[in-house]
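Working through the structure, step by step
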Amino acid sequence: SQLDISWTKPSEASGVCIFYSTGTDLSQANYEDFVTNKTSFTIKYLTPGTKYNFWVVSYAGDAPNYSDIQKGTSLNTTTPASYASCYTKPKEITNPAVTATTTTSATLSWKKASEGTCSGYKIYVEDVTGGQLSLSYDSYVSSDKTTIIISNLTAGHKYKFDIRAYAATAYNST
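An account of the accompanying structure is given in this report. Small disclaimer: the values here were computed from a predicted structure and weren't measured.

Attention now moves to the sheet that holds strand β11 (residues 147-150). Spatially, 3 strands are ordered β7-β8-β11 in an open sheet, and the strand pairing comes out antiparallel. Looking at which strands have only one partner, the edges of the open sheet turn out to be β7 (94-101) and β11. Across this sheet, the average inter-strand angle for adjacent strands is 20°, counted without regard to direction. Where β7 meets strand β8 (residues 106-111), 5 bridges bridge the pair, whose relative direction is antiparallel. Bridging from a neighbouring strand, Thr101 pairs with Ala106 of β8.

Shown next as structure tokens:
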């Protein structure tokens, strides 16, 4: 999993240092890079469905020492070391299937993603009869569930089902 971060570089800054962590303590954060003349960066190899905190610390002059930044000492920073938070997308579910049907309902099932966490699942049902798409069902399902019965379907209509795992506001669809 990866996240793209961006920022506005202060005019007096020489560059920025990028840190990330699942905690809120900068002294425990992973160091990513010193960046000059850029205002965005992609952090790769993150755990899916996980909340990360990011620090983009600007500096003036020479790039500071990594351990000094983590300790919060000897910094000639142009901005305070505050952080922003974001969730990575969860892994996709596997084996989605329609396991039973009646004239007015369908039972959907799936397997949870094998890695990372997920807050739950969002289920979309589209009626695609006659080439027209119309959203007919929009529901959240808790993360401990792996089946749902979709009712009130119209007999003889064709439907498309979409099951999306989510972690907070980050979605992944299957």
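Another aspect to go through is the packing of aromatic side chains. Evaluated as defined, the whole model comprises 3 aromatic pairs. Seen in terms of ring centroids, Tyr52 and Phe54 are 6.4 Å apart; in terms of plane orientation they differ by 40°. Their pairing is tilted. The class of Tyr52 is buried, set by a relative accessible area of 6%. Members of the aromatic cluster, connected to one another through ring pairs, are Tyr20, Tyr52 and Phe54.

About the thresholds
- Residues numbered from 1 in each chain as written.
- Predicted model: local features only at pLDDT ≥ 70, side-chain atom pairs only at ≥ 80, totals over all residues.
- Heavy atoms only, no water.
- Pairing = 2+ DSSP bridges.
- Helix = DSSP H or I, 4+ residues; strand = E, 2+ residues; numbered from the N terminus.
- Axes fitted to C-alpha atoms, helices over the stretch in contact; angles between N-to-C directions.
- Phe/Tyr/Trp six-rings, centres within 6.5 Å; stacked < 30°, edge-to-face > 60°.
- Buried < 20%, exposed > 50% of the residue type's maximum accessible area, 1.4 Å probe, protein only.

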